[in-house]
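Overview (structure and organization)
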Amino acid sequence: MNTTPMSPAARRRRRILLPLVFLALAVIAAFAVQQSLAVASAPSSASISGAGALGEVTEADGAIRDGGQPSVFDDASPAVEGLRPDLLAALRSAATDARADGVEFWVNSGWRSQALQAQLLREAVVTYGSEEEAARWVAKPETSSHVTGEAVDIGPLRALDWLAQHGANYGLCQTYSNESWHYELRPEAIEAGCPQSYADPTEDPRLQ
Ligand SMILES: [Zn+2]
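Here, residues in each chain are numbered from 1, in the same order as that chain's written sequence. Only residues with pLDDT of 70 or above have their local features reported here, since the model is predicted, and side-chain atom pairs are shown and tallied only from 80 upward, although totals for entire chains, interfaces and linings are computed over all residues. Only hydrogens and water are set aside when side-chain values are computed; all heavy atoms of the structure are taken into account.

In this section: the state of the cysteines. To count as a disulfide, a pair of cysteine sulfur atoms needs to be within 2.5 Å. A complete count under the given rule lists one disulfide for this structure. For C173, the disulfide goes to C194, at an S-S distance of 2.0 Å. Its torsion about the S-S bond being -90°, the disulfide of C173 and C194 is classed as left-handed. Remark: C194 occurs in the segment after α8 (189-192) and C173 occurs in strand β3 (residues 172-174); sequence separation between them is 21 residues. Note on conventions: DSSP H or I runs of at least 4 residues are helices, E runs of at least 2 residues are strands, and numbering of each starts at the N terminus.

Moving on to the side chain of D204. Looking at the secondary structure, you find D204 in the segment after α8. Overall, D204 belongs to the buried group, its relative accessible area being 0%. Engagement of the side chain of D204 in a polar contact is seen with the side chain of Y176, the distance being 2.5 Å. The residues touching D204, leaving out its near neighbours within four places in the chain, are T175, Y176 and Y198. For every residue, the accessible area obtained with a 1.4 Å probe (protein chains only) is divided by the maximum for its type, and the residue is called buried under 20%, exposed over 50%, and partly exposed between those limits. Pairs of N or O atoms are called polar contacts if they sit within 3.5 Å, as long as, within protein, a hydrogen donor faces a hydrogen acceptor (for residues adjacent in sequence, only side-chain-to-side-chain pairs). Any pair of residues with heavy atoms lying within 4.5 Å of one another is described as a contacting pair.

What follows deals with the pattern of salt bridges. Any two side chains of opposite charge can pair, given that their charged atoms come close. By definition, a salt bridge exists where a carboxyl oxygen of Asp or Glu is found within 4 Å of a side-chain nitrogen of Lys or Arg. Summed over the entire model, instances satisfying the criterion amount to 11 salt bridges. Taking the shortest distance from any N to any O, the salt bridge between R136 and E133 comes out at 2.9 Å. Take R136: its relative accessible area is 28%, and that puts it in the partly exposed class. Between D200 and R136 there is a salt bridge; the shortest N-O distance is 3.1 Å. Here the residue D200 occupies a position in the segment after α8, and R136 occupies one in the loop between α6 (131-134) and β2 (151-155), the gap between them amounting to 64 residues.

What follows deals with the coordination of the zinc ion. On the protein side, the zinc ion has H146 (NE2), D153 (OD) and H182 (ND1) as donor atoms, found 2.0 to 2.1 Å from it. In primary sequence terms, the donor set of the zinc ion follows H-x6-D-x28-H. Placement of D153 in strand β2 and of H182 in strand β4 (residues 182-185) is noted, with a sequence separation of 29 residues between them. The exposure class of D153 is buried, given its relative accessible area of 4%. Only nitrogen, oxygen and sulfur atoms count as donors, using a 2.8 Å cut-off from the metal that widens to 3.2 Å for Na, K and Ca. Water is left out, so coordination shells may look unfilled.

On a range of 0 to 100, pLDDT expresses the predictor's confidence in each residue. Residues at a pLDDT of 70 or more form 74% of the protein, whose mean pLDDT is 84. Note on residues 33-52: pLDDT under 50 across the span, and 23 contacts to partners over four residues away in sequence or across chains.

Among the secondary structure elements, S145 is positioned in the loop between α6 and β2. In this structure the C-alpha to C-alpha distance between S145 and W111, which are 34 residues apart in sequence, comes to 8.4 Å. The residues touching S145, leaving out its near neighbours within four places in the chain, are E150, A151, H182 and E184.

A few words on the packing of aromatic side chains. A pair of Phe, Tyr and Trp rings is counted when the ring centres sit within 6.5 Å of each other, with Trp represented by its six-membered ring. The angle between the planes then sorts it: under 30 degrees is stacked, over 60 is edge-to-face, the rest tilted. Taken as a whole, this structure holds four aromatic pairs when the rule is applied. Both rings, one in Y128 and one in W137, keep their centres 5.7 Å apart while their planes meet at 10°; by these two values the pair is stacked. Aromatic pair W162 and Y170: ring centres 5.8 Å apart, planes at 40°, arrangement tilted. Looking at W162, the relative accessible area reads 7%, which means it is buried. For Y170, a relative accessible area of 17% puts it in the buried group.

What follows is about the nonpolar core. Here is a general trend for soluble globular proteins: nonpolar side chains tend to be buried in one another's company. Within the largest apolar cluster, 25 residues are counted, with the highest numbers of intra-cluster contacts made by L91, F105, I154, W162 and L172. Only α3 (78-81), α4 (85-100), β2, α7 (157-166) and β4 provide two or more residues apiece to this core. If we ignore the near neighbours within four places in the chain, the residues touching L172 are L87, A90, L91, A94, L163, G167, Y183, E184, L185 and C194. We define a nonpolar core as any set of buried Ala, Val, Leu, Ile, Met, Phe, Trp, Tyr and Cys residues linked to one another through side-chain atoms lying within 4.5 Å.

Next up, the structure:
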């Protein structure tokens, strides 16, 4: 065992070095906490659309992976093929005309199984911190218009711009003001224009 007492110079060095080491550790820890909070609090449309952590659900449930978004013409995609035929026909008609304008439609989310909808709701509660806030973005499996194949989430931004201008001509209307990507079929819109959108899903009487 080394019992040699420290020289005064060595003790001075330690008095200066130790606080510096603690300061450095504190800075690193604070940075790590800030990074993890930044990731946790960033709401991403990916997790809303089912392209986040998929857990036990699969593409057969209508899940779509990031970067794997199908077009509205993709018959092999359960998320597309599960949409109601009248909605799908309107989407394909609009997408055909949009393509002539150089605009492509992606399906970020379409038909979803109840299992996928339930998982999205669980993820939203984690993302938004409460069931009340999550309800502003994600419907319950029993009431979701995605589960019945009556709603589609379209991307990218250029497609949304195109739909905002021309969607009503095909009966395609944005349902919620806070979801510029969520479209449903309103055949009467071809004559009368789209109805006023709800501020968010909590105002939708169908979801009560
Ligand atoms: Zn939607």
